[in-house]
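Read off the chains here:
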Amino acid sequence: GAVIVCESNSGKIRAITSRPLFDCTNIADYLEAKDSPLLNRATSAYNVGSVFKLCVAAAGLEKNISSHTHNCVGNLEIGNRFFNCHKRSGHGVVNITRAIALSCNTFFYTFGALTGGESIYKTASSLQFGRSIELCNGISTATGNLPSNDTLLNKGNLANFSIGQGQLLLSPVSLLNLYNSIASGGEYCSPTVVEATLKNGIMEEEKRSSPTKVMSNTTADILKNALIQVIEDGTAEEAKPSLTTAAGKTSTAQTGKYKGSVEINQSWFCGFFPADKPKYTVIV
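All values reported here derive from a predicted model rather than from experimental measurement.

(A) Molecular detail of the overall build of the chain. Of regular secondary structure, the chain possesses seven helices and 17 strands. Against the 2.2 N^0.38 benchmark of 19 Å for 284 residues, the chain shows a C-alpha radius of gyration of 19 Å, consistent with a compact globule. Across its three principal directions, the C-alpha atoms of the chain cover 65 × 45 × 45 Å. The buried share of the chain, reckoned over its 284 residues, is 47%. Summarising the internal contacts of the chain: among those between residues at least 6 apart in sequence, 63% fall at separations of at least 24. Carbon and sulfur atoms form 49% of the exposed surface of the chain, whose accessible area is close to 14,000 Å².

(B) Focus on the state of the cysteines. Within this structure, the stated rule accounts for zero disulfides. Unpaired in terms of disulfides, Cys85 finds its nearest cysteine sulfur in Cys72, a separation of 4.0 Å. You can call Cys85 buried: its relative accessible area is 1%. No disulfide involves Cys136; its sulfur sits 14 Å from that of Cys6, the nearest cysteine. Given a relative accessible area of 18%, Cys136 falls into the buried group.

(C) Examining helix α1 (residues 53-62) more closely. Taken across its 10 residues, α1 has nine buried, putting it largely inside the fold. Turning to α1, its buried residues are Lys53, Leu54, Cys55, Val56, Ala57, Ala58, Ala59, Gly60 and Leu61. Two residues or fewer after α1 comes Asn64, characterised by a positive phi angle close to 65°.

(D) Fine view of the nonpolar core. Phe52, Ile100, Phe129, Leu175, Leu178, Leu223 and Leu227 are the most contacted members of the largest nonpolar core, which has 68 residues in total. With near-sequence residues (within four places) excluded, Phe129 lies in contact with Phe52, Cys55, Ala124, Leu146, Leu170, Ser174, Leu175 and Leu178.

(E) Fine view of the pairing of strand β5 (residues 75-78). Bridging between β5 and strand β6 (residues 81-84) involves four bridges; their strand directions are antiparallel. Of the residues in β6, the one forming a bridge with Ile78 is Arg81. Count of turn residues in the β5/β6 antiparallel hairpin: two residues, of which Gly79 carries a positive phi of about 65°.

(F) Highlighting the packing of aromatic side chains. By the definition in use, this model includes eight aromatic pairs. On the numbers, 5.3 Å between centres and 75° between planes, the contact of Phe107 with Phe108 is edge-to-face. When sorted by exposure, Phe107 lands in the same class as Phe108, which is buried. By the ring-pair criterion, three or more aromatic residues cluster together here, those being Phe52, Phe129 and Phe161. Between Arg81 and the ring centre of Phe83, over which it is positioned, the NZ or CZ distance is 4.0 Å.

(G) Quick peek at the packing of α1 against helix α4 (residues 117-126). Interhelical geometry of α1 versus α4 gives an angle of 115° and a closest axis separation of 9 Å. Where α1 crosses over α4, the two elements pack in a sense that is right-handed. In this structure, α1 uses Cys55, Val56, Ala58 and Ala59 to contact α4, whose residues at the interface are Ser119, Ile120, Thr123 and Ala124. Residues of the contact of α1 with α4, tallied by class, amount to six nonpolar, two polar and no charged.

(H) Quick look at the side chain of Thr110. On the secondary structure map, Thr110 appears in helix α3 (residues 105-115). At 3.0 Å, the side chain of Thr110 forms a polar contact with the side chain of His68. Not counting chain neighbours up to four residues away, the residues in contact with Thr110 comprise His68, His70 and Leu76.

(I) Region of the structure containing the layout of surface pockets. Roughly 600 Å³ of internal volume is contained in the largest pocket. Considering the residues around the largest pocket, the lining is formed by 28 residues, among which Asn105, Ile163, Gln165, Thr252 and Gln254 are closest to the centre. Contributions of two or more residues to the lining of the largest pocket are made by β6, α3, β15 (247-259) and β16 (262-273). A per-element tally of the lining of the largest pocket places β15 first, with eight residues. Residue composition of the lining of the largest pocket, by class: six nonpolar, 18 polar and four charged.

Thresholds, definitions, all that
Residues numbered from 1 in each chain as written. Predicted model: local features only at pLDDT ≥ 70, side-chain atom pairs only at ≥ 80, totals over all residues. Heavy atoms only, no water. Helix = DSSP H or I, 4+ residues; strand = E, 2+ residues; numbered from the N terminus. Rg over C-alpha atoms; globule rule 2.2 N^0.38 Å. Buried < 20%, exposed > 50% of the residue type's maximum accessible area, 1.4 Å probe, protein only. Contact = heavy atoms within 4.5 Å. Areas by Shrake-Rupley, 256 points an atom, 1.4 Å probe, with all protein chains shown as cover. Disulfide = S-S within 2.5 Å. Core = buried A, V, L, I, M, F, W, Y, C linked by side-chain atoms within 4.5 Å. Pairing = 2+ DSSP bridges. Phe/Tyr/Trp six-rings, centres within 6.5 Å; stacked < 30°, edge-to-face > 60°. Lys NZ or Arg CZ within 6 Å of the ring centre and 35° of its normal. Axes fitted to C-alpha atoms, helices over the stretch in contact; angles between N-to-C directions. Left-handed = near helix turned anticlockwise from the far one by under 90°. Nonpolar A, V, L, I, M, F, W, Y, C, P; charged D, E, K, R; others polar. Polar contact = N/O pair within 3.5 Å; in protein donor to acceptor, adjacent residues only side chain to side chain. 1 Å grid on protein atoms, 1.4 Å probe; cavity = no way out; pocket = protein on both sides within 12 Å on 5 of 7 lines; lining within 4 Å. Points joined across faces, edges and corners; volume = space filled by probe spheres on them.

Listed below in structure tokens is the structure:
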């Protein structure tokens, strides 16, 4: 697994770790080691799942699709097949805030269809999804995979994309851009691990990258409040901290890969704290 802690407004990564660890003085012993400790999980790309729903929500809210409600009965027929919600008995009538808090899949199937694949794709592209991010000279993230506009013309592909499934692959570093944007009024600075450089005895502080605006302050506030509800009475109540306040989103992404008869899932938590005036964004 991996954990990243980043300053929400500056994009400066303050802690980043990948597990399992290895002894850097004895690399040869780890070349064939179980669980591949030399693989940096923080910069590798994985199936994403529900933590991507905030990108879909942002795209729809920017198109003024804010009053949409949906009656979740546990599944939804799209084309000639049924797409399930994780709660098979259904969530009942939900709006965007409760759909995020409860991680309702069927709401996002309909919301994604209303928003359209092109709009979601544009928002995802503005967050650098599907691109490699350079953290410093010599260290970059995996490119991942952002489905093309053409594939999203298929209703089934769009439904899967709307809940972060299907062909979508992202690194933990990539998701900083989305959650930093929500925490910081709709904009993000590209993540970096460089504080300063030393050359000829002179310390030169690394310049902060120019912020990229991807959503309005209003959209960011709506999503921030929804993420607070996730922690307060939604799917991430167990993540509620005792010493501060927080906002965030959980995810259990299906991979389509199996170990024996059991499917391998990727589990995520993305959020920030304190909830009212975010200082740090955390990706797990």
